[in-house]
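Now for the letters of each chain:
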Amino acid sequence: MSLLEVRDLDAGYGEDLQILTDVDMDVGESEYVTIVGPNGAGKSTMMKSVFGLTTHMGGTVEFNGEEISGLNPEEIIHKGIGYVPQNDNIFPTLTVQENLEMGAYILDELPQDALNAVYERFPILKERKDQKAGTMSGGQRQMLAMGRALMLEPELLLLDEPSAGLAPDLVMEMFDKIDEINDAGTAIMMVEQNAKEALRRCDRGYVLANGQNRFMDSGDALLADDEVRQEFLGG
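Everything in this summary refers to the structure shown in the same document. Because the structure is predicted, anything quoted here is derived from the model rather than measured.

1. Re helix H6 (residues 138–150)
Right, so step 1: When the terminal C-alpha atoms of H6 are compared, their 19 Å separation across 13 residues agrees well with the 18 Å that a helix rising 1.5 Å per residue should span.
Right, so step 2: Burial analysis of H6 places 11 of its 13 residues in the buried class, the great majority of the element.
Right, so step 3: For H6, the complete set of buried residues consists of Gly139, Gln140, Gln142, Met143, Leu144, Ala145, Met146, Gly147, Arg148, Ala149 and Leu150.
Right, so step 4: On the buried face of H6, the contacting elements are strand E6 (81–84), helix H3 (96–102), helix H4 (112–121), helix H5 (123–127), strand E7 (156–160) and helix H7 (168–183).

2. Some details on the side chain of Asp160
Right, so step 1: Tracing the chain through its elements places Asp160 in strand E7.
Right, so step 2: Buried charge without a salt bridge: Asp160, with Lys48 as the nearest opposite-charge side chain at an N-O distance of 5.6 Å.
Right, so step 3: Residues within four places of Asp160 in sequence aside, it is in contact with Ser44, Met47, Tyr83, Val84, Pro85, Gln86 and Val191.

3. Observations concerning the environment of Leu166
Right, so step 1: Positionally, Leu166 belongs in the loop between E7 and H7.
Right, so step 2: Of the residues examined, Leu166 reaches a relative accessible area of 12% and is grouped as buried.
Right, so step 3: Between the alpha carbons of Leu166 and Gln140 there is a distance of 9.8 Å; along the sequence they are 26 residues apart.
Right, so step 4: Aside from chain neighbours lying at most four places away, what touches Leu166 is Gly138, Gly139, Val171 and Met174.

4. What about the sheet that holds strand E8 (residues 187–191)?
Right, so step 1: Strand order in the open sheet formed by 6 strands is E6-E7-E8-E3-E9-E10, and the pairing between neighbours is mixed. The open sheet has two edge strands with one neighbour each: E6 and strand E10 (212–218). Each strand axis lies, on average, 15° off the axis of its neighbour in the sheet, ignoring direction.
Right, so step 2: As paired strands, strand E9 (residues 204–209) and E10 are joined by 6 bridges and run antiparallel to one another. Residue pairing across strands places Tyr206 opposite Met216, the latter belonging to E10.
Right, so step 3: Here H6 sits on the sheet and contacts E6 and E7; the angle it forms with E6, its principal contact strand, is near 165°.

5. Quick look at a nonpolar patch on the surface
Right, so step 1: A cluster of nonpolar side chains, contributed by Phe91, Met102 and Tyr105, occupies part of the molecular surface with about 280 Å² of accessible area.
Right, so step 2: With respect to the helices and strands, Met102 occurs in helix H3.
Right, so step 3: You can call Met102 partly exposed: its relative accessible area is 35%.

Rules used throughout
- Residues numbered from 1 in each chain as written.
- Predicted model: local features only at pLDDT ≥ 70, side-chain atom pairs only at ≥ 80, totals over all residues.
- Heavy atoms only, no water.
- Helix = DSSP H or I, 4+ residues; strand = E, 2+ residues; numbered from the N terminus.
- Expected span 1.5 Å × (residues − 1).
- Buried < 20%, exposed > 50% of the residue type's maximum accessible area, 1.4 Å probe, protein only.
- Contact = heavy atoms within 4.5 Å.
- Lys, Arg positive; Asp, Glu negative; His and termini not counted.
- Salt bridge = Lys/Arg side-chain N within 4 Å of Asp/Glu carboxyl O.
- Pairing = 2+ DSSP bridges.
- Axes fitted to C-alpha atoms, helices over the stretch in contact; angles between N-to-C directions.
- Patch = residues over 30% accessible without salt bridge, like charges linked within 9 Å, V, L, I, M, F, W, Y side chains within 5 Å.
- Areas by Shrake-Rupley, 256 points an atom, 1.4 Å probe, with all protein chains shown as cover.

The values reported here are purely geometric and, on their own, carry no functional implication.
In structure tokens:
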């Protein structure tokens, strides 16, 4: 059984704007899955649909064998899914430590072990724990957003364009951090504009176009597929 199983998903925004049509997708335990495709393909909508941020129009989304379609994000967090959106993913006026504490707001007490684990994985956050998050660099803010999502030790982490806006020399560092999170046992479902690098690193990839499944295979197989390379990866 897959950790996440999406079948025949129709989703969009409001009553009339349908973006996804009959989308199927799976993420296994501790698996690393990347979603690629052209702009407007529905990649971020797919991510938001898993996290309860879109209008569910049909099909099913199951997590650990339980239907989660129609649940709100707070309920989904409790199930074991964390989400890092592309934009507005930190509280800029709060300190690093306060941001991380906000990641565990649904708990009665701060999970000190989880906080220590985040600081161990992202040493720069510990160094700057009293710094206002809004004064940090783009790469540091992205690490903080991921760290906050990890405070509840999710089984599945959803990442929407984690390398967007980063300086080129920081992109590989960000990918390395994601590899480390996955290697520690957290399943990853990622939308990423840097498609070639993402497919090199992931276990499996999906190509979406016009809100529908186009291809699904291992990352290496998709990189080697002539049609995928020509249509979606720039040759």
